[in-house]
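Structural description and commentary
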Amino acid sequence: MSSNLFVITDQPIKPEEVSDKVKRREAGAITLFLGTVRELTYGKRTLYLEYEAYPSMAVKQLEMIGQEVRERWPDTLVAVTHRIGRLEISDIAVVIAVSSPHRKAAYEANEYVIERIKQIVPIWKKEYGEDGSEWIGDQLNQKTYPEGRPLLEDIPKDDLNHEEE
Amino acid sequence: MKILCFAHLSEQIGSPSLELELGPMTVASFVEEFKSRYPNARLDQVMIAVNEQFVEEDHLIGANDTVALLPPVSGG
């Protein structure tokens, strides 16, 4: 059952199909995050993107993130679908749905999931721009995590705590 | 040993997967061996997964294991 909560697909994602997976009678909130292809990054124009994944391991890593979320926010349920292949500007690359009895946990857990995807899920993005193409992720400022599990302290506090709402 | 390469690495090596007669050996010595066979491959910051699990440098890779070379990820 948990396997179809976490999906890598080469087909367009329908967000409602992802949020339906986490719908439950005890939920009072579902947060739905759509990651979309941005045209301009620091002034540089992207024409389209290509995503590549190690699909079987990506699903395992997403399941691990789901487990981490259950440990931190016990009453939440998470579903993630990530698209691979060629994506055009504004296409949906990733959809994250989190349901929870109360909204705060659903918001926090959802943001946690996208931060963790960017750290430990084997998916790579290649940007095709006006000046050619390049794989993203080997920038000099990127940190590596030999254990595949960055410490929670590595995730910016602002991404985890929203005490001042 | 089956080797899987992703992102820029599969382009530098010219193939997404390879079969090499190697192992058992540690991750650290595998990386050295791989560097000497494929000097063009940029392995800085590359993480290693064995049978779909991230492993440390001292992990022992078996001759029939699947080793994935994973550049820093950029999903989402």
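Summary of the structure given here. As the structure is a prediction and not an experimental result, all values here were calculated from the model.

Regarding the interface of chain B and chain A
Tallying the contact residues gives 25 residues for chain B and 34 residues for chain A. Across the interface of chain B and chain A, roughly 2400 Å² is buried in total on both sides, 55% from carbon and sulfur atoms. It is B:Glu52, B:Val73 and B:Gly76 that lose the most area in chain B upon contact with chain A, and together they represent 29% of the buried surface on that side. Linking chain B with chain A are 2 salt bridges, by the criterion used here. For the pair chain B and chain A, the interface holds 14 residue pairs in polar contact (both at pLDDT 80 or more). Of all the elements in the fold, those that place two or more residues in the side of chain B that touches chain A are strand S1 (2–5), helix H1 (8–13), strand S4 (47–50), strand S5 (53–54) and strand S7 (66–70) of chain B. When residues of the side of chain B that touches chain A are assigned to their parent elements, the largest contribution, 3 residues, is made by S7(B). Looking at the side of chain B that touches chain A residue by residue, the classes come out as 13 nonpolar, 8 polar and 4 charged.

Concerning helix H1 (residues 15–22) of chain A
Owing to its 3.6 residues per turn, the α-helix brings residues three or four apart onto one side. Residue and element names in this part refer to chain A. Inspection of H1 places Val18, Ser19 and Val22 among the buried residues, and these make up the whole buried set. Take H1 and look down its axis: the buried residues cluster within an arc of 95°, on one side only. Where H1 is buried, its residues touch strand S2 (29–36), strand S5 (77–83) and strand S7 (92–100).

Cut-offs applied
Residues numbered from 1 in each chain as written. Chains lettered and ligands numbered in written order. Predicted model: local features only at pLDDT ≥ 70, side-chain atom pairs only at ≥ 80, totals over all residues. Heavy atoms only, no water. Contact = heavy atoms within 4.5 Å. Buried area = accessible area lost by both parts, 1.4 Å probe. Salt bridge = Lys/Arg side-chain N within 4 Å of Asp/Glu carboxyl O. Polar contact = N/O pair within 3.5 Å; in protein donor to acceptor, adjacent residues only side chain to side chain. Helix = DSSP H or I, 4+ residues; strand = E, 2+ residues; numbered from the N terminus. Nonpolar A, V, L, I, M, F, W, Y, C, P; charged D, E, K, R; others polar. Buried < 20%, exposed > 50% of the residue type's maximum accessible area, 1.4 Å probe, protein only. Arc of directions from axis to C-beta.

Honestly, that's just the spatial picture; any functional story needs more than this.
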